[in-house]
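# Analysis of the macromolecular model
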Amino acid sequence: KAKDLGRNMYQIYDPSMNKRSYQSFLMERDLRKAIMNDEFIVHLQPRVDAITQKTVSAEALIRWMHPELGLVSPGEFIPLAEETGLIIPMGKWMKRKVCEKLVEWREAGIPLVPISVNISSQRFLQKEFASEIRDLLREFQLEGKWLEIEITENSIMKNEETVFKTIRELKDLGVKIYIDDFGTGYSSFNYLKTFQLDGVKIDRSFIQNISSESENASITTAMIKMAQHLKLEVIAEGVETKEELEYLLEQNCHYIQGFYFGRPCATEEFEKRFLKGALVVK
Ligand code: C2E
Ligand code: MG
Ligand code: MG
Ligand code: MG
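Note that the coordinates shown come from a computational prediction; the quantities given were computed from them, not determined experimentally.

### Structural notes on the overall build of the protein
When its secondary structure is counted, the protein shows twelve helices and ten strands. Relative to its length of 282 residues, the protein is compact, with a C-alpha radius of gyration of 20 Å against a globular reference of 19 Å. The principal-axis extents of the C-alpha atoms in the protein amount to approximately 60 × 50 × 35 Å. The buried share of the protein, taken over its 282 residues, is 50%.

### With respect to the pattern of salt bridges
One pass over the structure, following the stated rule, counts 21 salt bridges. One salt bridge connects K201 with E59, and the closest N-O pair in it is separated by 2.9 Å. Residue K201 is located in strand 7 (residues 199-202), and its partner E59 is located in strand 2 (residues 55-66); the two are separated by 142 residues in the primary sequence. Residue K201 shares its accessibility class with E59, and that shared class is buried. One salt bridge in this structure joins D198 and K171, with 2.5 Å as the shortest N-O distance. Linking D198 in the loop between helix 8 (190-194) and strand 7 with K171 in helix 7 (residues 160-173), this pair joins segments that are 27 residues apart in sequence. In this structure, D198 and K171 share a single accessibility class: buried. Three or more residues are tied together by salt bridges with common partners; here these are R47, E59, E148, E150, K201 and E237.

### Considerations on helix 2 (residues 22-37)
Under the 1.5 Å per step criterion, the end-to-end length of helix 2 is 22 Å for 16 residues, consistent within 8% with the ideal 22 Å. Within helix 2 the residues assigned to the buried category are S24, F25, E28, D30, L31, R32 and A34. At the C-terminal side of helix 2, D38 shows a positive phi close to 60 degrees.

### What to know about the nonpolar core
Counting 80 residues, the largest nonpolar core has W105, F124, I156 and L197 as the members making the most contacts within it. The dominant element in this core, judged by the number of residues it contributes, is helix 4 (residues 87-108), at ten residues. Discounting chain neighbours no more than four positions away, the residues touching F124 are I119, F129, I149, I151, S155, I156, V163, T166, I167 and L170.

### What to know about the site of ligand 1
Around ligand 1 there are 22 residues in total, and R63, N118, D180, E240 and F259 lie nearest to it. I62 places a main-chain nitrogen or oxygen 3.1 Å from a nitrogen atom of ligand 1. Within the contact set of ligand 1, an oxygen atom lies 3.3 Å away from a side-chain nitrogen or oxygen of E237. Its atoms largely coinciding with the cavity grid, ligand 1 occupies the largest pocket. Taken together, the elements giving at least two residues each to the shell around ligand 1 come down to strand 2, helix 3 (74-84), helix 4 and strand 6 (176-182). With four residues, strand 2 is the single largest residue contributor to the shell around ligand 1.

### Points about the packing of aromatic side chains
Across all of its chains, the model carries ten aromatic pairs by this definition. When the ring of F40 is compared with that of W64, the centres are 6.2 Å apart and the planes differ by 50 degrees; the resulting orientation is tilted. Note that F40 is positioned in strand 1 (residues 40-49) and W64 in strand 2, a separation of 24 residues in sequence. Neither F40 nor W64 differs from the other in exposure class; each is buried. Ring centres of W105 and F270 lie 6.1 Å apart, and the angle between their planes is 15 degrees; on these two criteria the pair is classed as stacked. With W105 in helix 4 and F270 in helix 12 (residues 267-275), this residue pair connects regions lying 165 residues apart in the sequence. When its relative accessible area of 0% is taken as the criterion, F270 is described as buried. Grouping aromatic residues by their ring pairs yields a cluster made of F40, W64, F77 and W93. Positioned above the aromatic ring of Y178, the side-chain terminus of R47 is 4.7 Å from the ring centre.

Reading guide: rules and limits
- Residues numbered from 1 in each chain as written.
- Chains lettered and ligands numbered in written order.
- Predicted model: local features only at pLDDT ≥ 70, side-chain atom pairs only at ≥ 80, totals over all residues.
- Heavy atoms only, no water.
- Helix = DSSP H or I, 4+ residues; strand = E, 2+ residues; numbered from the N terminus.
- Rg over C-alpha atoms; globule rule 2.2 N^0.38 Å.
- Buried < 20%, exposed > 50% of the residue type's maximum accessible area, 1.4 Å probe, protein only.
- Salt bridge = Lys/Arg side-chain N within 4 Å of Asp/Glu carboxyl O.
- Expected span 1.5 Å × (residues − 1).
- Core = buried A, V, L, I, M, F, W, Y, C linked by side-chain atoms within 4.5 Å.
- Contact = heavy atoms within 4.5 Å.
- Near = heavy atom within 4 Å.
- Polar contact = N/O pair within 3.5 Å; in protein donor to acceptor, adjacent residues only side chain to side chain.
- 1 Å grid on protein atoms, 1.4 Å probe; cavity = no way out; pocket = protein on both sides within 12 Å on 5 of 7 lines; lining within 4 Å.
- Sits in = over half its atoms within 2 Å of the grid points.
- Phe/Tyr/Trp six-rings, centres within 6.5 Å; stacked < 30°, edge-to-face > 60°.
- Lys NZ or Arg CZ within 6 Å of the ring centre and 35° of its normal.

Now the structure itself:
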């Protein structure tokens, strides 16, 4: 198997050698190994109800424990994973891990919250995406409501027919769909009425300094109003301060995610800090 990987690696290396830096070649090599050696970790970040301040769900964020470099954040390897197609096996790994975690909580009698997973547009646009989710849910005997997905505006700009079908299938399964980094994509708002989405996650760049930057405040307020008129859930991402939270509360933003309530953390820590107290004795 190692030989196959080696050969494969050189095939990928050779034709593009001049264009690609040696560093990204090394990272690609390491990424392939990471998938085989199970070097990825799931971190969870709470999404909190703005009013009750209760954790209503968790976002799964991938981390890479590199044998020499230590913890690597997704910003550093997701782009390369996308470019090389490694994002597909990585995404499969992530979804399985999340389902395993949900089942583990269920079996331990921990009242679970849904976990939301980021889906690369590459994967989302493939025809088989919904059936992958269906098979997973069936295999783990999970209701669709426990698994949520986050896609970006770019994922629904193209291939309208496939996207339409995929979204309908996911809705039939009870899987909720959120638009991530809302407000930063290139698409028009047209898709908001075309597709049956569940909510939007307002990008962090609009939330930062919301109480002092009036442009950010206006944009966020407008996005919240629009989303509410369209009966979409609104989640504010990247909420770090009390001021930001208070502003969002005034605007009737439904859900909050950000360092203010909790940074992404290891699953054990998440269980202790955000699901604890709700522990049921078996
Ligand atoms: P995202 O989906 O928009 O995730 C939110 C990012 O914002 C996370 O960065 C999170 O750690 C960070 N964040 C959350 N709250 C705050 C805050 O209050 N302040 C600040 N400054 N940052 C905050 P992270 O974990 O580095 O992930 C970056 C991006 O990588 C994610 O953005 C997502 O697009 C991508 N990503 C992460 N995991 C996966 C995955 O499993 N699959 C795919 N396809 N993409 C992933
Ligand atoms: Mg996300
Ligand atoms: Mg985001
Ligand atoms: Mg993102």
